[in-house]
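Reading the structure
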Amino acid sequence: METPSINDLNICVATENGSGSASSNNILFKAIFKMGIPCSSKNMFPSNIQGLPTWYQIRASAEGYLSRKDVIDVMVMFNDATAAKDIYRVRDGGLILFDDSAPLPAHLKREGVQYIGVPANKLVAKLVPASPLRAKQRNMIYVGALAYLFGIDMDVIKAVLQDTFGNKPAVIESNLACIDAGYQYLKEKGATQNIARLQVIPNGNKGKIITDGNTACALGAIFGGASVISWYPITPSSSLAEALEHYLPRLRKKRDGKRAYAIVQAEDEIAAAGMVVGAGWAGARAMTSTSGPGLSLMNEMIGLAYYAEIPGVFFIVQRGGPSTGLPTRTQQADISLMYGASHGDTRHIILLPHDMNSCFDLARRSFDLADRFQTPVFVALDLDLGMNLWSSEPLKLQKEPFDWGKRLNAQQLEEWVKAGKKFRRYFDQDGDGIPYRTVPGNPHPMAPYFTRGSGHDADARYSEDEHDYKYILDRLRRKFETARKYVPKPIIEKEKGVRTGVICYGSSYEPVREARDRLKARGLKTNHLLLRALPLTSEVPEFLAEHDVVYLVEQNRDAQMAAIIKDEYPGLGAKIISVLVYNGLPVTAGELVRQILEARESAAA
């Protein structure tokens, strides 16, 4: 018989989309968090609104790992449509909790796992009058059953319900009755299991918060000065704009009570991008949020902003492509599209957050970079980072003044006149590729210029002259090179004498952290570089040079980031071995360990 582990458990809840399981799953997750146990959640849901299967995994990890666990310890089998497969998703020796209101069919019985039944349909029928709520509150039965089996105190559950439905006492009472029914039923039956116990860790999560990357980015954008938000709904980015709609009225209010911002739901992504370009040209800090298909539509506007040198921030929450692909699954497959968005020769700045604080901080800084370099800046998330709930240290606001870059007001222009200097909109005055600009409303007679997406010279005049065109393109490239000194540097963990490196970015950070610990336990020490931005900074080739082999983890099929690095550093890039996960599910440490060890064996053979 297994010895129960303490605070090491992975629960997978299988339900039908639209059945109301989001509430029950959140209550369960927040209860474990409230006990002080490090925990994470992964929601794997279908792209339709109702009917198709959804799986919600909650991982408790005494060691503090937040990535998706390799194996499922407990399967809550509450979806008949997937039950035949779900019984094989749970590990040998695991537990299946099922609704035994009706006898379990023979084909759903499997050797080597423990079955515990709770008559959810019958229990909820006694508690909830016939209404649409009955089906949803059936899910609360398994919350109670799991609370009893694994040791979640009902007082903790009550506290979470209070936090969640504080101003709705009837809802709290109704949910609590269903949860208690599941709890008491298994208690009376004397149900037991030997998989795990959840124990309170005093002050374990003290001061920490639960949030998602989209919300953290929205807050970062607000503190970064975003005042014009135009967007078109698309999963998995919609909740970023919705969070802005929620928080802006609270955080951005003028003394006279009037709004100091605009949020516009556009008719499509093209219009949304156009509004960003227009607002950025006018001097506002403007942004949009979208996903891969939306980014495809925005390419023409992005090209205009790049060539006409107009700031704007594009939050891209990546999902499974190409085309409609897997709209509700996670991937990092739009790196190449962002890096070279639009036709012609383009290169773009991309910021790569990996946790909640970096979502907040890089979102804030993206507006400074957009203004400094007068160009579109991308903040690249993925669905796992953007939509799933993560426990985190509180978001930290760096109190730095806004960087408006080379933006001249009337007084500065007048000083230029006195100094005998001329304002030339697209001229490289300082040798860094970044021109000076003015914005509408500047009353100085030297301020106006004509903005166009067609060929122009250093003075913003229409030109098809080959020398003028090449000058602008070369200066744009020089500006991009300058950006290497301004974008966030990688975070590097190094140990002297270690010759194996790992590079990752985005939501791969957590599974890489766990995988490195496992590799170390098996005798393979690794150093680590966490990429935080494109263009690449000098730390990347230095890291490559210091190691014999470097495993680059990314969530796409074609090793898009590896291709960028190899293109810039072909000699050093030969050291890279790609570790690719692109099945649409959040990465697990076990998969990374498997691929890295197989690559080593293959190289040694």
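Use the structure listed above.
To start, this report covers the structure provided alongside it. (Residues numbered from 1 in each chain as written. Predicted model: local features only at pLDDT ≥ 70, side-chain atom pairs only at ≥ 80, totals over all residues. Heavy atoms only, no water.)

1. Examining the overall build of the protein chain
- Within the protein chain, the regular secondary structure consists of 20 helices and 23 strands.
- Over its C-alpha atoms the protein chain spans a radius of gyration of 27 Å, differing by no more than 12% from the 25 Å that the globule rule assigns to 605 residues.
- Restricting the contact set of the protein chain to residue pairs at least 6 apart, pairs at least 24 apart contribute 76%.
- Roughly 25400 Å² of accessible area belongs to the protein chain as shown, and the carbon and sulfur atoms make up 52% of that amount.
- Here the protein chain carries 72 positive and 67 negative side-chain charges, and the mean point of each set is 4 Å from the other. (Helix = DSSP H or I, 4+ residues; strand = E, 2+ residues; numbered from the N terminus. Rg over C-alpha atoms; globule rule 2.2 N^0.38 Å. Contact = heavy atoms within 4.5 Å. Areas by Shrake-Rupley, 256 points an atom, 1.4 Å probe, with all protein chains shown as cover. Lys, Arg positive; Asp, Glu negative; His and termini not counted. Charge placed at Lys NZ, Arg CZ, Asp CG, Glu CD.)

2. Quick notes on the nonpolar core
- Residues Leu-97, Leu-146, Ile-152 and Leu-198 are the most contacted members of the largest nonpolar core, which totals 54 residues.
- Counting residues per element, this core draws most heavily on helix H4 (residues 132-150), which supplies nine residues.
- The contact partners of Leu-146, leaving out residues within four places of it in the chain, are Ile-11, Leu-28, Val-74, Val-76, Leu-97 and Gly-151. (Core = buried A, V, L, I, M, F, W, Y, C linked by side-chain atoms within 4.5 Å. Buried < 20%, exposed > 50% of the residue type's maximum accessible area, 1.4 Å probe, protein only.)

3. A short note on the sheet that holds strand E18 (residues 491-493)
- Spatially, the five strands line up as an open sheet ordered E18-E20-E19-E22-E23, and their pairing is mixed. Either end of the sheet is taken by a strand with one partner, and the two such strands are E18 and strand E23 (576-580). Taking the axes of each pair of neighbouring strands and ignoring which way they run, one obtains an average angle of 20° across the sheet.
- Bridge count for strand E19 (residues 500-504) against strand E22 (residues 549-554) is four bridges, and the pairing is parallel. Bridge pairing in E22 places Ile-503 opposite Leu-552.
- Sheet strands touched by helix H20 (residues 589-604): E19, E22 and E23. Its angle to E23, the strand with the most contacts, is close to 145°. (Pairing = 2+ DSSP bridges. Axes fitted to C-alpha atoms, helices over the stretch in contact; angles between N-to-C directions.)

4. Observations regarding the packing of aromatic side chains
- Considering all chains together, one arrives at 12 aromatic pairs under this definition.
- Relative to Trp-404, the ring of Phe-402 lies with its centre 6.0 Å away and its plane at 75°, an arrangement referred to as edge-to-face.
- According to the relative accessible area criterion, Trp-404 is partly exposed, its value standing at 34%.
- For the pair Phe-427 and Tyr-471, a centre-to-centre distance of 6.5 Å together with 15° between the ring planes defines the contact as stacked. Here Phe-427 is found in the loop between helix H14 (410-418) and helix H15 (466-483), whereas its partner Tyr-471 is found in helix H15, with 44 residues between them in sequence.
- On the basis of relative accessibility, which here comes to 26%, the residue Tyr-471 falls in the partly exposed class.
- Here the aromatic residues Phe-423, Tyr-426 and Tyr-449 are joined through ring pairs into a cluster of three or more. (Phe/Tyr/Trp six-rings, centres within 6.5 Å; stacked < 30°, edge-to-face > 60°.)

5. So, the packing of helix H3 (residues 120-127) against helix H6 (residues 169-189)
- Running from N to C, H3 and H6 point in directions that differ by 135°, and their axes come no closer than 10 Å. Relative to H6, the element H3 is oriented oblique. Once H3 is placed against H6, the crossing between them reads as right-handed. Judged by residue contacts, Leu-123, Val-124 and Leu-127 of H3 engage Ala-177, Cys-178, Ala-181, Gly-182 and Tyr-185 from H6. (Parallel < 35°, antiparallel > 145°, perpendicular 65-115°, else oblique. Left-handed = near helix turned anticlockwise from the far one by under 90°.)

6. Let's talk about the pairing of E19
- With respect to burial, E19 is a largely interior element, five of its five residues being buried.
- The two faces of E19 match: Thr-500, Val-502 and Cys-504 on one face and Gly-501 and Ile-503 on the other face are all buried.
- Here E19 runs beside strand E20 (residues 527-530); their pairing, made up of four bridges, is parallel. What sits directly across from Ile-503, in E20, is Leu-529.
- Handedness of the β-α-β unit built from E19, helix H16 (residues 509-521) and E20 comes out right-handed. (Right-handed = clockwise from strand over helix to strand, strands pointing away.)

7. Remarks on a nonpolar patch on the surface
- A cluster of nonpolar side chains, contributed by Phe-223, Leu-251 and Leu-397, occupies part of the molecular surface with about 240 Å² of accessible area.
- With respect to the element layout, Leu-397 can be found in the loop between strand E17 (390-392) and H14.
- For Leu-397, a relative accessible area of 36% corresponds to the partly exposed category. (Patch = residues over 30% accessible without salt bridge, like charges linked within 9 Å, V, L, I, M, F, W, Y side chains within 5 Å. Salt bridge = Lys/Arg side-chain N within 4 Å of Asp/Glu carboxyl O.)

8. Focus on the packing of helix H1 (residues 21-34) against helix H5 (residues 154-164)
- Here H1 crosses H5 at 120°, and the two axes come no closer than 9 Å. H1 and H5 meet at a crossing whose hand is right-handed. Along its contact with H1, which presents Ile-27, Lys-30, Ala-31 and Lys-34, the element H5 presents Val-156, Ile-157, Ala-159, Val-160, Leu-161 and Asp-163.
- Grouping the constituent residues of the contact of H1 with H5 by class yields seven nonpolar, no polar and three charged. (Nonpolar A, V, L, I, M, F, W, Y, C, P; charged D, E, K, R; others polar.)

9. Examining unusual backbone geometry
- In this chain, Thr-235 is followed by Pro-236 through a cis amide linkage whose omega measures 10°.
- Position of Pro-236 among the secondary structure elements: in the loop between strand E10 (228-231) and helix H8 (238-251).
- A cis amide bond, omega 10°, links Leu-534 with the succeeding residue Pro-535.
- Within the fold, Pro-535 resides in the loop between strand E21 (533-534) and helix H17 (539-545).
- Phi angles above zero are rare outside glycine, and Ser-323 is one such case at about 55°.
- Located in the positive-phi region is Gln-374, a residue other than glycine, with phi close to 50°.
- Along the chain, Gln-374 falls in the loop between helix H12 (356-373) and strand E16 (376-382).
- We classify Gln-374 as buried; its relative accessible area is 0%.

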